[in-house]
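What follows is the residue order along each chain.
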Amino acid sequence: MGSMLEREIKLRFATPDDARAAVMGIGARAASPRRFQDDALYDTDDESLRLRRCVLRVRREGDRSALTFKGPVQPGPMKLREELETGVADGAVLQLVLDRLGLRVWFRYQKYRQEFEGDGVVIAVDETPVGTFVEIEGTEPGITAAAAALGRTTTDYILDSYHALFQKNRDSLGFRGPHMVFDEPDRIT
């Protein structure tokens, strides 16, 4: 299998209801139910993946899990990077294997996601502990058209990862721990 390129942007919305209404208002069709995702990013103790600007992620979603490798982000108006992903039968066992190989979780993040299909794009409404985001993935013309239909321009595009968004917003939202999770026990509200 050859490399696959992921192209995406995020747009911030005030609430999940606002985001869903906007997405359905442009004619996008629901492609999946709303579901909980728990993601863990792994690296070596010497941060060899992060130094190369790469990501190794285990996503657990109910009884489904996936292992994803993401290459460095390429410069441009949209986030563009290599993405290789495969389903995994048992996410808990995969996490044990990675641990035994010396890889450690350096960042966890959680979200509720619902996906929609538009013209040449997949649109996800992500409810995260740091806000609501619409993530649009697809071709550059498809992303540009979907964002414009949502009333947004290139100045509204967010290219940050959820880790970067968490770092920018964690203190103002009362997070004290290192992870972007809903049930942080030390969160100041």
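Right above here is the structure, for reference.
Predicted model only: the values in this text are computed from it and were never measured.

In this structure the tally under the stated criterion is 22 salt bridges. Its salt-bridge partner being E61, residue R35 comes within 2.4 Å of it at the nearest N-O pair. Taken together, the residues R35 in strand β3 (residues 35–43) and E61 in strand β4 (residues 55–61) connect sequence positions 26 residues apart. E61 shares its class with R35; the two are buried. The partner of E85 in a salt bridge is R57, and the shortest N-O contact between them spans 3.0 Å.

Tracing the backbone shows K79 in strand β6 (residues 79–88). The spacing of K79 and Y157 is 78 residues in sequence and 9.5 Å in space, taken between C-alpha atoms. Beyond its immediate stretch of four places on either side in the chain, K79 contacts E6, R7, E8, K10, V73, L159, D160 and S161.

Let us now look at a nonpolar patch on the surface. On the surface, a cluster of nonpolar side chains totalling about 270 Å² of accessible area is made up of V93, V97 and L101. Its location among the elements puts V93 in helix α3 (residues 91–100).

This structure, assessed with the given rule, holds eight aromatic pairs. Look at F107 and Y109: their rings are 5.7 Å apart centre to centre, the planes differ by 20 degrees, and that puts the pair in the stacked class. In this pair, the class of F107 matches that of Y109, namely buried. Taking 5.3 Å as the distance between ring centres and 50 degrees as the angle between the ring planes, the aromatic pair formed by Y112 and F182 counts as tilted. Of this pair, Y112 sits in strand β7 (residues 104–118) while F182 sits in the segment after α5 (162–169); the two residues are 70 residues apart in sequence, bridging distant segments of the chain. By relative accessible area, which is 34% here, F182 ends up partly exposed.

Relative to strand β9 (residues 131–138), strand β1 (residues 5–13) runs antiparallel, the two being bridged by six bridges. What sits directly across from K10, in β9, is E135. A loop of two residues connects strand β8 (residues 121–128) with β9, the two strands running antiparallel in sequence.

Burial in α3 covers these residues: G91, L94, Q95 and L98. Seen from one end, α3 has its buried residues packed into an arc of 100 degrees, which puts them on one side. Against β3, β4, β5 (64–70) and β6 lie the buried residues of α3. Capping the start of α3, D90 holds a side-chain oxygen 3.1 Å from the backbone nitrogen of A92, two or three residues further along.

Parameters at a glance
- Residues numbered from 1 in each chain as written.
- Predicted model: local features only at pLDDT ≥ 70, side-chain atom pairs only at ≥ 80, totals over all residues.
- Heavy atoms only, no water.
- Salt bridge = Lys/Arg side-chain N within 4 Å of Asp/Glu carboxyl O.
- Helix = DSSP H or I, 4+ residues; strand = E, 2+ residues; numbered from the N terminus.
- Buried < 20%, exposed > 50% of the residue type's maximum accessible area, 1.4 Å probe, protein only.
- Contact = heavy atoms within 4.5 Å.
- Patch = residues over 30% accessible without salt bridge, like charges linked within 9 Å, V, L, I, M, F, W, Y side chains within 5 Å.
- Areas by Shrake-Rupley, 256 points an atom, 1.4 Å probe, with all protein chains shown as cover.
- Phe/Tyr/Trp six-rings, centres within 6.5 Å; stacked < 30°, edge-to-face > 60°.
- Pairing = 2+ DSSP bridges.
- Arc of directions from axis to C-beta.
- Polar contact = N/O pair within 3.5 Å; in protein donor to acceptor, adjacent residues only side chain to side chain.

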